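Chain by chain, the residues:
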Amino acid sequence: MNDTVDLLQQAAQFRADFARITQAISRIFIGQPNIVQDLLTAFFAGGHVLLEGVPGLGKTLLAQIFSKGLSLRYSRIQFTPDLMPADILGTNILLKGDDATPVIRYEKGPIFANLVLADEINRATPRTQSALLQAMQETRVTVAGKTYMLPQPFMVIATQNPIEMEGTYPLPEAQLDRFFYKLVVAFPAQQDLVAIANSTTGATIPDIECQIDLTTIAQSKLVVSQICIADYLTEYAARLVLATQPFSDNALPLVKKYVQYGVSPRGLQALIMGAKVRALAAGRVHVAESDIIRGMVPALQHRIILNFEGEADGITTRQIIENLQKNVGGQNL
């Protein structure tokens, strides 16, 4: 009984913290509250985020104010075609010691931060893009046969321009799968453009203060793991994933026709962990079906790979997901 009361109190505190951080960030990153909430959801679930949108929509600004609001050590890596893996991970350098003997020392790269912004990640070559794979999956890097642990918490926010723009290298499926969420930043509405202009062209430009410390973040992540999810909801999430597999008996007709590869087990993990954070942000200690449905687009849209026919017919992964929502039941029958 005492454990339940304590968990409810922690849930109420998490809800207050989540709302306060969202409000503080939204005062600067204007008109995109769902993006802010999804970014926070991925962070507290221990995942990474891919932000996609045309230049000038504030993707880099969002990462900067996000790090300030959560008291995270921030590092920005500008991805370019000539960027090398050592520019991200660091490298061993040869120095002369006090007694004139050669000494090899490892110089850490910008990957050693709490929040790493991989800016315009699809402008670097696949060799450099892959330098993030081990860090994102294992929170550690290996250089010259030696492994180094990354600081905790650790999150990668990668930005990319739409794939069809010139001078870009599409991320491989294996790397896309390592992103907890893919968030598409839409162009602001007229009233939001006016608010952006008013807040950024005046005498003073708004800034953000720290809203939560690292100790509280660590405690909050422990609370997330304690949130309950009913067996039938876990089975519902599993059915959603199976329904995206074109060769599965559970595949929907639209999937069989247009999908080449479906969602991996990481997608299932993203659905469930995101739902737990979303439930906690609502002050609940149990997951609801709506929590899973709310996370379907950001968790699945980059994990569904269309076939040639799907590309030719102009089908989008969002249409596939909407079809899943309509045709895969989640009720406890």
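The structure presented is a predicted model; accordingly, all values stated were derived computationally and were not measured.

Novice: So, the environment of Ala 135: which residues are in play, and what are the values?
Specialist: For Ala 135, the position within the fold is in helix α6 (residues 133-138). Each C-alpha atom, one on Ala 135 and one on Gln 78, is 17 Å from the other, the two residues being 57 residues apart in sequence. Leaving out residues up to four positions away in the same chain, Ala 135 has contacts with Ile 111, Arg 140, Val 141, Leu 150 and Phe 154.

Novice: Tell me what's going on with the packing of aromatic side chains, and back it up with residues and numbers.
Specialist: A full pass over the atoms with the stated rule returns seven aromatic pairs. Among the aromatic residues, ring-to-ring pairing joins Phe 14, Phe 18, Phe 43, Phe 44 and Phe 66 into one connected group. Positioned above the aromatic ring of Phe 43, the side-chain terminus of Lys 221 is 4.8 Å from the ring centre.

Novice: Which residues make up helix α9 (residues 214-225), and what values go with them?
Specialist: Residues spaced three or four apart along an α-helix face the same direction, because each turn holds 3.6 residues. Relative to the 16 Å expected for twelve residues at 1.5 Å per residue, α9 spans 17 Å between its end C-alpha atoms, a close match to the ideal helical length. Among all positions of α9, only Ile 217, Ser 220, Val 223 and Val 224 are buried. Along the axis of α9, the buried residues cluster in a sector spanning 120 degrees; they form a single face. Within α9, the exposed residues directed more than 90 degrees away from the buried face are Thr 215 and Leu 222. One side-chain oxygen at the N-terminal end of α9 lies 3.3 Å from the backbone nitrogen of Thr 215; it belongs to Asp 213.

Novice: I'd like a rundown of the environment of Thr 317, residues and numbers included.
Specialist: Secondary-structure assignment places Thr 317 in helix α16 (residues 317-327). Along the sequence, Thr 317 and His 302 sit 15 residues apart, while their C-alpha atoms lie 7.7 Å from each other. Residue contacts for Thr 317: discarding those within four places in its chain leaves Gln 301, Ile 304 and Leu 306. Of note is the side chain of Thr 317, whose polar atom sits 3.1 Å from the backbone oxygen of Gln 301.

Novice: Describe the nonpolar core, listing the residues and the values that go with them.
Specialist: Counting residues in hydrophobic clusters, the biggest one holds 75 residues, and the most contacted among them are Ile 25, Phe 66, Leu 70, Met 155, Ile 157, Leu 271 and Ile 292. Sorting elements by how many residues they give to this core places helix α12 (residues 265-281) first, with eight residues. Those residues in contact with Phe 66 that sit more than four places away from it in its chain are Ile 25, Leu 39, Leu 40, Phe 43, Leu 72, Leu 115, Met 155 and Ile 157. Among the nonpolar cores identified, the runner-up in size contains 28 residues, and Ile 77, Ala 118, Ala 131 and Phe 154 belong to it.

Novice: Please set out the pattern of salt bridges residue by residue, giving values where relevant.
Specialist: Within the structure shown, the criterion is met by eleven salt bridges. Among the ionic pairs, Asp 17 bridges to Arg 20, the shortest N-O distance being 3.0 Å. On the criterion of helical spacing, the pair formed by Asp 17 and Arg 20 is a turn pair, its members being three residues apart in helix α1 (residues 2-26). Overall, the relative accessible area of 7% leaves Asp 17 in the buried class. A relative accessible area of 33% means that Arg 20 is categorised as partly exposed. In this structure, Asp 38 and Arg 294 form a salt bridge, with 3.1 Å as the shortest nitrogen-oxygen distance.

Definitions and cut-offs
Residues numbered from 1 in each chain as written. Predicted model: local features only at pLDDT ≥ 70, side-chain atom pairs only at ≥ 80, totals over all residues. Heavy atoms only, no water. Helix = DSSP H or I, 4+ residues; strand = E, 2+ residues; numbered from the N terminus. Contact = heavy atoms within 4.5 Å. Phe/Tyr/Trp six-rings, centres within 6.5 Å; stacked < 30°, edge-to-face > 60°. Lys NZ or Arg CZ within 6 Å of the ring centre and 35° of its normal. Expected span 1.5 Å × (residues − 1). Buried < 20%, exposed > 50% of the residue type's maximum accessible area, 1.4 Å probe, protein only. Arc of directions from axis to C-beta. Polar contact = N/O pair within 3.5 Å; in protein donor to acceptor, adjacent residues only side chain to side chain. Core = buried A, V, L, I, M, F, W, Y, C linked by side-chain atoms within 4.5 Å. Salt bridge = Lys/Arg side-chain N within 4 Å of Asp/Glu carboxyl O.

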